[in-house]
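Each chain, letter by letter, is given below.
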Amino acid sequence: MTETPLNRLAVLGVLAGIGTGLLVAALNRAIVTTERLVYGVDHLKALDPGSQVTPLRLAITLVVVGIITSWSWYLLNRFGRPAVSVPGTMNGTPMPLWETLCSVFLQVISVAAGAPVGRENAPRVAGGLSASWIATTFKLDPQARRILIASAAGAGLAASFHLPLAGALFALELLLVEMTTRAVVTTMLTSAIAVAVTSIFIEPHPIFSTVELNETPAMLGAALIVGIIAGMLGHWFGIVARKAVAARPRGAAILWQMPLAFTVVAVISYLVPGVSANGRWAADTIFTTGLPVATLLLFVVLRMGIVIMCFRVGTVGGNLTPAFSLGATTGAIIGIALAGLFPSLSLSAFAIMGAGAFLSTTMAAPMFGMIAAIEFTDMPAQGYLPMFVAVVGAALAVRLWGIITNKNQRIQPFTSAAWTGEAEVKP
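Just so it is clear, the model here is predicted, and its values are computed rather than measured. (Residues numbered from 1 in each chain as written. Predicted model: local features only at pLDDT ≥ 70, side-chain atom pairs only at ≥ 80, totals over all residues. Heavy atoms only, no water.)

A. Quick look at the packing of helix α7 (residues 164–176) against helix α15 (residues 366–376). Put simply, α7 and α15 touch, their axes get as near as 9 Å, and they point 170° apart. In terms of their interaxial angle, α7 and α15 are classed as roughly antiparallel. Within the contact between the two elements, α7 uses P164, L165, A166, L169, F170, E173 and L174 and α15 uses P366, M367, F368, I371, A372 and E375. The class makeup of the residues in the contact of α7 with α15 is eleven nonpolar, no polar and two charged. (Axes fitted to C-alpha atoms, helices over the stretch in contact; angles between N-to-C directions. Helix = DSSP H or I, 4+ residues; strand = E, 2+ residues; numbered from the N terminus. Parallel < 35°, antiparallel > 145°, perpendicular 65-115°, else oblique. Contact = heavy atoms within 4.5 Å. Nonpolar A, V, L, I, M, F, W, Y, C, P; charged D, E, K, R; others polar.)

B. Structural context of empty space enclosed by the protein. A full pass over the atoms with the stated rule returns three cavities of 30 Å³ or more. Along the wall of the largest cavity there are 28 residues; nearest its centre are E35, H43, P49, A277 and N278. Secondary-structure elements contributing two or more residues to the lining of the largest cavity are α1 (6–39), α2 (55–79), α4 (97–113) and α11 (280–288). By residue class, the composition of the lining of the largest cavity is 15 nonpolar, nine polar and four charged. When residues of the lining of the largest cavity are assigned to domains, at least three map to each of domain 1 (6–201) and domain 2 (217–416). Considering the residues around the second largest cavity, the lining is formed by N28, A159, S160, F161, H162, T198, S199, I202, E203, P204, H205 and I207. Among the elements of the structure, α6 (142–161) and α8 (181–201) are those that each provide at least two residues to the lining of the second largest cavity. With three residues, the single largest contributor to the lining of the second largest cavity is α6. (1 Å grid on protein atoms, 1.4 Å probe; cavity = no way out; pocket = protein on both sides within 12 Å on 5 of 7 lines; lining within 4 Å. Points joined across faces, edges and corners; volume = space filled by probe spheres on them. Domains from an automatic or database assignment.)

C. Region of the structure containing the packing of aromatic side chains. With the rule as written, the count across this model stands at twelve aromatic pairs. Put simply, the rings of F161, F208, F287, F324 and F376 pair up and form one aromatic cluster. (Phe/Tyr/Trp six-rings, centres within 6.5 Å; stacked < 30°, edge-to-face > 60°.)

D. Structural detail: the environment of L385. Checked against the element boundaries, L385 lands in helix α16 (residues 384–405). For the pair L385 and M219, spaced 166 residues apart in the sequence, the C-alpha separation amounts to 9.6 Å. Those residues in contact with L385 that lie beyond four places of it in its chain are E215 and L220.

E. Local environment of the domain arrangement of the chain. When its domains are assigned, the chain resolves into domain 1 (6–201) and domain 2 (217–416). For domain 1 versus domain 2, the distance between C-alpha centres works out to 22 Å. Taken together, the 44 residues of domain 1 in the interface contact 46 residues of domain 2. Counting the surface domain 1 buries against domain 2, the share from its top three residues, L47, P116 and V117, is 18%. Along the contact surface separating domain 1 from domain 2 lie eight residue pairs in polar contact (both at pLDDT 80 or more). Counting only elements with at least two residues in the side of domain 1 that touches domain 2, the list comes to α2, α3 (86–90), α5 (121–137), α6 and α7. (Buried area = accessible area lost by both parts, 1.4 Å probe. Polar contact = N/O pair within 3.5 Å; in protein donor to acceptor, adjacent residues only side chain to side chain.)

F. Local environment of α15. A large share of α15 lies buried, amounting to nine of its eleven residues. Those residues of α15 not exposed but buried are F368, G369, M370, I371, A372, A373, I374, E375 and F376. Looking at the buried side of α15, the elements it contacts are α6, α7, α13 (320–337), α14 (347–362) and α16. (Buried < 20%, exposed > 50% of the residue type's maximum accessible area, 1.4 Å probe, protein only.)

Now the structure itself:
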């Protein structure tokens, strides 16, 4: 038999989970250390470490981060071997060890220092690196290699945010696009092991505050409306984000484009405190105390512009936390607009449903978007149905838009392949 037996693949999944968990623990430690050095506090103690310094100090820091990061990426791309994405190594291309390690640590350090993008791309790539080495060492067949590397990539995301089920679904829904027994067992086992290993070194902490939903007709009706609107906005945001990544500078142009973009971010952050970083502060504040509608409108416009601009100038990172935050802001705006129709529903309920719907279409992954929102907030079970309705509404809205415009709305998942040229999105 040329196919690797499930029991052997499961054992290798355990090894990949351990390796991924250790790498993610090192990445998370780098994040905490950087935040403490730059801002004097880390995200374990404060929602937004950047808010702990003066606006002027934050602005200066962002300008410096832009300069240092631009040179770091330029030198790595100029003198290092070409980067290989997780889908690329799933197909048999080995990842260069030192260049990949430099890349993932550079990503998380820049995000910790203030780059307004998500950090989840780095742990996914780190997981892929760990499993790639194992797959090559044990000479796995092509199908087993794909499963193991995808499982470890999803496990990296899971370990970074303590999202074991969402990490497994990321691997199944976006990377493997299959639900065979071998794939399900390996992804879930690898994800669980990686989360457990990382938790030994970095104590799990809540990412967002809990939001309670219910199954009343009003809640389900609101979920459908929020899902349609937030889902379409997330879909369009995802398209623009992918085009921005595809148009990023490939050579020395990054040395002026990235510092210029970060200078713009610095000015905006000075004038509008709280709008920089990855958006966690805004989302959690909406979930707990709420924000005025004018602030919400300003935040959603500025945050979208900042994230797209940073992707366009070559800032390497993820879309998970930014999309979740934008969805929460969008949902809250919808909730304020519909307050007369749904007076019994809280603003936080609209926000969390908007976050799940927006994330699901931005990432082109309905199941992942729903489960990530649930695990992010430790949501009680009675909230699952409205979240399901919101995400299904988002998916159907995108499909209906495709029928109306007579255009295929299917887009590529937002994975590390977008940054390596292996899955370019044509403008």
